[in-house]
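Structural description and commentary
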Amino acid sequence: MGKIAMMNRRMVVGGLAAALVMPGAAMAAISAGQAEILIGKVVSDINSIINSGQSEAKMISRFEGVFKQYADTKFIALAALGVDGRSASSGQKSAFIKAFTGYIANRYGSRFREFEGGKIEVVSTQQVKSRFEVLTKTKLAGQSPFDVIFIVSAKNGKFIDMHVEGISIVKSERKEIGAMLDKRKGDLDVLIRDLAKF
Amino acid sequence: MKHINLLAIAALVVLGACSQAPSPTGYADPHEEQNRRTHRANITLDKALISPASDVYGQVPKPARVAVTNFSDNAGLPGVVVNKFLQGKVDDAVHNSVRFLFNSTLGLLGLFDVASDIGLEERNSDFGETLHVWGAPEGDYVVLPFFGASTERDGIGILVDFVLNPLGYALPTEVRHLPKAAWVVSKFGDRYDFADSVDSILYSDGDGYSTLQLYYLDSRRYELGQVVEDDELDDLYEAYDG
């Protein structure tokens, strides 16, 4: 008798918890599981790139492919441009997004040479507001493992940022691009031209 | 001398009444002018000495360079054990002690990291973290000569770590400075192995100084498990409409 009462209570509590979670989950276009599978694909692509033994140029172009496929490059680029982008024309914006994507692939892709022989694994996923944070661990030979967290939008399943040991790419590039623009006296066209050279 | 050090540490343990360190906020930089000067001096040092020297050292075969790094890491372990004890993390202290015993013997004085192969991975720490565990605030951001980006708390930590390692007192005089020499050499190795990353930060087209500040503070706060409210990023993410 007591056992049944216990079970009922547990079921009621469980049901209540599910009811509390459901509205949020129903609003999200993708689930935590889907976000984790998506980052699993990103990670497996990156693992294959860093252990391919290919030239750095080839690795960078493959990394750019992964970035374009799974990340919202438009969001990341415009977030990096920040308030300076508000007055930009739509032509300038799309030119900036294109140049920025190549710049990012180069800037971070060239670091993959240092990851050779390494392995990245998905560890866990948690929901924070309207996004998922997918935690991955990167193991490099002779180094302590380090964390990379992918920020995945629950709305469309694209990743909108990466935190490498707590360092956000969006936040650091916002600073970097801001400084680059200052150096060019705020001339966005010059910045776009220079970014395209990377 | 040895007794004075131990007494000082005991006093610090008593003083550190296990309070919670206040959460750091933002990137205030009250010593920016001085910090930028030191940063420029560090860049000059890198261009003139560290980068060229690490390129030379990089010609040493990788296995030999890894052995030097292993030796340096292993020699630093007793200091890490002391820090873990001071932080009350006894299991990590024991873990590191066993690691030290394995690598010092089977690993031939630490040249080989056999402990990692059997699952006794590195669990690093430093006195800056100990101060954090004791409730010390981060303090102001400072750029140190040679060591680079740091905070007041972590800068004190570096100084204390120099005298905290029991190995420094146990070794015979002739080889007492060998671990420190290996440490400096291993830093040249890191500068070589991570040259692309280091160059892309130090010699970026933007402002390398502020990028380094952001990188240091964010990664250190993450490492120490400090939750920092970040409205800037949160607002950006929440504004995302796909």
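Quantities reported herein were computed from a predicted structural model and do not represent experimental measurements.

**Concerning the overall build of chain A**
Counting its secondary structure elements, chain A contains seven helices and five strands. Each of the 198 residues in chain A was classed as buried or not, and the buried ones make up 46%. By element, 59% of the accessible surface of chain A is carried by carbon and sulfur atoms, the whole surface being about 10000 Å².

**What about the pattern of salt bridges?**
If you walk through the whole model with that rule in mind, you get 32 salt bridges over all chains. A:Lys137 serves as the salt-bridge partner of A:Asp147, at 2.5 Å between the closest nitrogen and oxygen. Separated by 10 residues along the polypeptide, A:Asp147 in strand 3 (residues 146-153) and A:Lys137 in strand 2 (residues 131-139) bring together distant segments of the chain. You can call A:Lys137 partly exposed: its relative accessible area is 33%. Measuring nitrogen to oxygen at the nearest pair gives 2.9 Å for the salt bridge that ties B:Arg191 to B:Asp46.

**A closer look at the interface of chain A and chain B**
If you look at the interface, chain A gives 41 residues, while chain B gives 30 residues. Taken together, the two surfaces of chain A and chain B that pack against each other cover about 3300 Å², and 50% of this comes from carbon and sulfur. Together, A:Glu114, A:Lys171 and A:Lys175 form the three largest contributors to the area buried by chain A at its contact with chain B, with a combined 19%. Remark: the boundary between chain A and chain B carries eight salt bridges. Joining chain A to chain B, the criterion identifies 20 residue pairs in polar contact (both at pLDDT 80 or more). Breaking the side of chain A that touches chain B down by element, the ones donating at least two residues are helix 4 (73-81), helix 5 (90-109), strand 2, strand 3, strand 4 (159-164), strand 5 (167-168) and helix 6 (169-183) of chain A. Here the element with the most residues in the side of chain A that touches chain B is helix 6 of chain A; it accounts for nine residues. By residue class, the composition of the side of chain A that touches chain B is 12 nonpolar, 10 polar and 19 charged.

**Regarding the pairing of strand 2 of chain A**
Residue and element names in this part refer to chain A. The element strand 2 is largely enclosed, with a buried count of seven among its nine residues. Across nine bridges, strand 1 (residues 119-128) lies against strand 2 in antiparallel orientation. The residue of strand 2 that forms the bridge with Glu121 is Lys137. What sits between strand 1 and strand 2 in their antiparallel hairpin is a turn of two residues, with Lys129 showing a positive phi close to 50°.

**Focus: helix 5 of chain A**
Helix length check: helix 5 of chain A, at 20 residues, gives a terminal C-alpha distance of 28 Å against a target of 28 Å (1.5 Å per residue), a fit within 8%. All buried positions along helix 5 of chain A are accounted for by A:Phe96, A:Ile97, A:Ala99, A:Phe100, A:Thr101, A:Gly102, A:Tyr103, A:Ile104, A:Ala105, A:Arg107, A:Tyr108 and A:Gly109. Buried residues in helix 5 of chain A make contact with helix 3 (56-70), helix 4, helix 6 and helix 7 (188-195) of chain A together with helix 10 (195-202) and helix 11 (208-223) of chain B.

**Observations concerning the nonpolar core**
Counting residues in each nonpolar core, the largest one holds 64 residues, and the members touching the most others are A:Ile39, A:Phe96, A:Phe100, A:Phe150, A:Val152, A:Phe159 and A:Ile177. When neighbours within four sequence positions are excluded, A:Ile177 is seen to be in contact with A:Ala80, A:Leu81, A:Phe96, A:Phe100, A:Tyr103, A:Leu191 and A:Leu195. Among the nonpolar cores identified, the runner-up in size contains six residues, and B:Val143, B:Ala149, B:Tyr216 and B:Leu217 belong to it.

**Re the packing of helix 9 (residues 178-193) of chain B against helix 10 of chain B**
All names here are of chain B. Two elements in contact, helix 9 and helix 10, have axes separated by 5 Å at closest approach and are oriented at 80°. What the angle tells us is that helix 9 and helix 10 run roughly perpendicular. Counting all contacts with helix 9, which are made through Arg191, Tyr192 and Asp193, the residues of helix 10 involved are Ala195, Val198 and Asp199. The class makeup of the residues in the contact of helix 9 with helix 10 is three nonpolar, no polar and three charged.

**Some details on helix 7 of chain A**
Residues and elements named next belong to chain A. Leu188, Leu191, Ile192, Asp194 and Leu195 are the residues of helix 7 that are buried. Around the axis of helix 7, the buried residues are gathered within 165° of arc, so they sit on the same side. Buried residues along helix 7 sit in contact with helix 4, helix 5 and helix 6. For helix 7, the N-terminal cap is Asp187; the gap from its side-chain oxygen to the backbone nitrogen of Asp189 is 3.1 Å.

**A word on the packing of aromatic side chains**
All names here are of chain A. A full pass over the atoms with the stated rule returns 12 aromatic pairs over all chains. For the pair Phe100 and Tyr103, a centre-to-centre distance of 5.8 Å together with 45° between the ring planes defines the contact as tilted. Of this pair, Phe100 and Tyr103 are both found in helix 5, three residues apart, which corresponds to roughly one turn of the helix. No difference in accessibility class separates Phe100 from Tyr103, as the two residues are buried. Within the aromatic cluster, the residues linked to one another by ring pairs are Phe63, Phe67, Phe150 and Phe159.

**Observations concerning unusual backbone geometry**
Excluding glycine, residues mostly have negative phi values, and the peptide bonds linking residues are mostly trans. All names here are of chain A. In this model, Lys185 sits at a positive phi of 50°, which is unusual for a non-glycine residue. By the element assignment, Lys185 lies in the loop between helix 6 and helix 7. A residue is classified by how much of its surface remains accessible, and Lys185, at 78% relative accessible area, is exposed.

Reading the values: the criteria
- Residues numbered from 1 in each chain as written.
- Chains lettered and ligands numbered in written order.
- Predicted model: local features only at pLDDT ≥ 70, side-chain atom pairs only at ≥ 80, totals over all residues.
- Heavy atoms only, no water.
- Helix = DSSP H or I, 4+ residues; strand = E, 2+ residues; numbered from the N terminus.
- Buried < 20%, exposed > 50% of the residue type's maximum accessible area, 1.4 Å probe, protein only.
- Areas by Shrake-Rupley, 256 points an atom, 1.4 Å probe, with all protein chains shown as cover.
- Salt bridge = Lys/Arg side-chain N within 4 Å of Asp/Glu carboxyl O.
- Contact = heavy atoms within 4.5 Å.
- Buried area = accessible area lost by both parts, 1.4 Å probe.
- Polar contact = N/O pair within 3.5 Å; in protein donor to acceptor, adjacent residues only side chain to side chain.
- Nonpolar A, V, L, I, M, F, W, Y, C, P; charged D, E, K, R; others polar.
- Pairing = 2+ DSSP bridges.
- Expected span 1.5 Å × (residues − 1).
- Core = buried A, V, L, I, M, F, W, Y, C linked by side-chain atoms within 4.5 Å.
- Axes fitted to C-alpha atoms, helices over the stretch in contact; angles between N-to-C directions.
- Parallel < 35°, antiparallel > 145°, perpendicular 65-115°, else oblique.
- Arc of directions from axis to C-beta.
- Phe/Tyr/Trp six-rings, centres within 6.5 Å; stacked < 30°, edge-to-face > 60°.

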